[in-house]
Amino acid sequence: GDSVTQMEGPVTLSEEAFLTINCTYTATGYPSLFWYVQYPGEGLQLLLKATKADDKGSNKGFEATYRKETTSFHLEKGSVQVSDSAVYFCALRSNSGGSNYKLTFGKGTLLTVNP
Amino acid sequence: NAGVTQTPKFRVLKTGQSMTLLCAQDMNHEYMYWYRQDPGMGLRLIHYSVGEGTTAKGEVPDGYNVSRLKKQNFLLGLESAAPSQTSVYFCASSILDRQTDTQYFGPGTRLTVL
């Protein structure tokens with residue numbers, strides 16, 4: 001079945017540091033890939049997405065590129081801010097068969113950015 | 001638009017008690033979902049619905065029931081709560097469109113079963 005593996009946290013960085021959160025997936029066919037962010041005390045909200053190989057999703061300074069050859073969708077940001085402190089979830093949506101509307105999530109990575 | 005709302009926000013139950021969590025969305029979305037979030041486990045799908053009057057099991061359906069009598073509402077029921085159901089529950093919704101597949105999440109319900 002489908003699965004998502006993302007790097008274990010927690011990740012602690014200083015403000016303006018470079019961020020990478022690794023995400024790899026297993027799925028049949030060509031899934032859509034997502035990063036969701038959960039700020040403290042809130043629900044999840046979509047950060048960025050990519051729907052086909054080599055697509056780059058970007059939002060709020062975050063980027064991730066859909067790499068089919070390495071089955072990866074790593075999240076990056078060049079200069080993090082304290083306000084980026086949150087839990088980040090990588091997810092996929094299968095585009096094959098009858099389950100093409102369900103999301104499969106990774107376990108989440110807690111990011112803390114210190115001033 | 002309020003988006004996706006959930007009630008209640010917090011609840012404490014004793015083992016064996018029952019309760020219903022309500023999810024409402026005002027975006028006219030066809031699809032609705034119930035997830036639970038546990039530490040180190042990410043989000044796991046409990047049940048989902050692809051339209052009014054339809055429901056289906058997700059990854060962890062045991063101990064839960066759901067109903068979708070109205071398009072805008074999706075109810076999650078616990079008939080006999082167990083401590084293993086202590087979790088944060090999230091509802092989500094999405095439209096029926098392969099090109100626009102974002103799921104919109106509610107703020108969550110924190111449930112503790114003693």
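Going by the structure above, here's the rest.
Residues numbered from 1 in each chain as written. Chains lettered and ligands numbered in written order. Predicted model: local features only at pLDDT ≥ 70, side-chain atom pairs only at ≥ 80, totals over all residues. Heavy atoms only, no water.

(A) Structural detail: the overall build of chain B. Counting its regular elements, chain B contains zero helices and eleven strands. Helices (α) and strands (β) of chain B occur, in sequence order from the N terminus, as β-β-β-β-β-β-β-β-β-β-β. Whereas a compact globule of 114 residues would reach a radius of gyration of roughly 13 Å, chain B reaches 13 Å, a difference of no more than 12%. The principal-axis extent of the C-alpha atoms belonging to chain B is close to 40 × 30 × 25 Å. Counting all 114 residues of chain B, 48% fall into the buried class. Considering only contacts in chain B between residues 6 or more positions apart, those separated by 24 or more positions represent 55%. (Helix = DSSP H or I, 4+ residues; strand = E, 2+ residues; numbered from the N terminus. Rg over C-alpha atoms; globule rule 2.2 N^0.38 Å. Buried < 20%, exposed > 50% of the residue type's maximum accessible area, 1.4 Å probe, protein only. Contact = heavy atoms within 4.5 Å.)

(B) Molecular detail of the side chain of Arg36(B). Structurally, Arg36(B) is set in strand β4 (residues 31-38). Classification of Arg36(B) as buried rests on a relative accessible area of 9%.

(C) Representation of the interface of chain A and chain B in the model. In this complex, chain A contributes 20 residues to the contact, which on the side of chain B involves 22 residues. Our enumeration of links across chain A and chain B arrives at zero salt bridges. Across the contact surface, chain A and chain B share two residue pairs in polar contact (both at pLDDT 80 or more). Elements with a contribution of two residues or more to the side of chain A that touches chain B: β5 (32-38), β6 (44-50), β10 (86-93) and β11 (103-105) of chain A. For the side of chain A that touches chain B, the element with the most residues is β5(A), which contributes four residues. Here the residues of the side of chain A that touches chain B are counted per class, giving eight nonpolar, seven polar and five charged. (Salt bridge = Lys/Arg side-chain N within 4 Å of Asp/Glu carboxyl O. Polar contact = N/O pair within 3.5 Å; in protein donor to acceptor, adjacent residues only side chain to side chain. Nonpolar A, V, L, I, M, F, W, Y, C, P; charged D, E, K, R; others polar.)

(D) Structural detail: the pattern of salt bridges. Enumeration over the complete set of coordinates arrives at six salt bridges over all chains. In this structure, the salt-bridge partner of Glu63(A) is Lys56(A), at a minimum N-O distance of 3.6 Å. We classify Glu63(A) as partly exposed; its relative accessible area is 35%. Here Lys71(B) and Glu30(B) are joined by a salt bridge, their closest N and O atoms 3.0 Å apart. Residue Lys71(B) is found in the loop between β7 (65-67) and β8 (73-78), and its partner Glu30(B) is found in the loop between β3 (19-25) and β4; the two are separated by 41 residues along the sequence. Here the residues in one salt-bridge network are Arg36(B), Asp38(B) and Arg44(B), joined through shared partners.

(E) Fine view of the sheet that holds strand β7 (residues 56-59) of chain A. All names here are of chain A. Taken in spatial order, the four strands line up as β3-β9-β8-β7 in an open sheet, and their pairing is antiparallel. At either end of the open sheet lies a strand with only one pairing partner, and these are β3 (19-21) and β7. Ignoring strand direction, the axes of neighbouring strands in this sheet form an average angle of 15°. The sheet contact formed by β7 and strand β8 (residues 62-65) spans four bridges and is antiparallel. Paired with Lys-56 across the strands is Thr-65, a residue of β8. (Pairing = 2+ DSSP bridges. Axes fitted to C-alpha atoms, helices over the stretch in contact; angles between N-to-C directions.)

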